[in-house]
Amino acid sequence: MIKGINKQILEVTNTESPYFEKIIFFVRPTSSKISESKLQEEAEKLSHKMKKPPREKKSFMQFFSTGLFMFLGLGAGCALTFIISGIIK
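Residues numbered from 1 in each chain as written. Predicted model: local features only at pLDDT ≥ 70, side-chain atom pairs only at ≥ 80, totals over all residues. Heavy atoms only, no water.

## Topic: helix H1 (residues 36-49)
So, point 1. Here H1 contains 14 residues, and its C-alpha end-to-end distance of 20 Å stays within 8% of the 20 Å for a straight helix at 1.5 Å per residue.
So, point 2. Among the residues of H1, Leu39, Gln40, Ala43 and Ser47 are the ones counted as buried. For H1, the angular spread of buried residues about the axis comes to 100°, placing them on one side. Exposed and facing more than 90 degrees away from the buried side of H1 are Ser37 and Lys49. (Helix = DSSP H or I, 4+ residues; strand = E, 2+ residues; numbered from the N terminus. Expected span 1.5 Å × (residues − 1). Buried < 20%, exposed > 50% of the residue type's maximum accessible area, 1.4 Å probe, protein only. Arc of directions from axis to C-beta.)

## Focus on the pattern of salt bridges
So, point 1. Inspection of the entire model under this criterion finds one salt bridge.
So, point 2. Across the pair Lys22 and Glu11 runs a salt bridge whose closest N-O atoms are separated by 3.0 Å. One end of the pair, Lys22, is in the loop between strand E2 (8-12) and strand E3 (23-27); the other, Glu11, is in strand E2, with eleven residues separating them in the sequence.
So, point 3. When its relative accessible area of 44% is taken as the criterion, Lys22 is described as partly exposed.
So, point 4. You can call Glu11 buried: its relative accessible area is 11%. (Salt bridge = Lys/Arg side-chain N within 4 Å of Asp/Glu carboxyl O.)

## Describing the confidence of the model for the protein chain
Note that predicted coordinates carrying low pLDDT should not be read in detail.
So, point 1. Mean pLDDT over the protein chain: 81, with 88% of residues reaching 70 or higher.
So, point 2. Per-element confidence in the protein chain ranges from a low mean pLDDT of 55 for strand E1 (residues 2-3) to a high of 94 for helix H2 (residues 60-88). (pLDDT = per-residue confidence, 0-100.)

## With respect to the layout of surface pockets
So, point 1. Taken as a whole, the largest pocket encloses approximately 240 Å³ of empty space.
So, point 2. Leu10, Phe25, Phe26, Val27, Arg28, Ser31, Ile34, Lys38, Leu39, Glu42, Ala43 and Leu46 together form the lining of the largest pocket.
So, point 3. Mapped onto the lining of the largest pocket, the elements with two or more residues apiece are E3 and H1.
So, point 4. Sorting elements by how many residues they give to the lining of the largest pocket places H1 first, with five residues.
So, point 5. Split by residue class, the lining of the largest pocket holds eight nonpolar, one polar and three charged. (1 Å grid on protein atoms, 1.4 Å probe; cavity = no way out; pocket = protein on both sides within 12 Å on 5 of 7 lines; lining within 4 Å. Points joined across faces, edges and corners; volume = space filled by probe spheres on them. Nonpolar A, V, L, I, M, F, W, Y, C, P; charged D, E, K, R; others polar.)

As structure tokens, this is what we get:
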């Protein structure tokens, strides 16, 4: 759907994306003479090319803290095992 007073705006609501509900395209003034169906087709073509956003890269500190917590959890589990086995005997 093309709407707007000063600027031509094309709104695509069927994005088929789990992340976006709708996409708004601002049409260039030189392209406003092109038919609405052609603009809609081009906008949908662009919206289908979108991919999932890239994964966030973890820093060294995030890797280090994850490893540290895993190591501490493993140590606590071993300590509890020895304490419980000592109480049971």
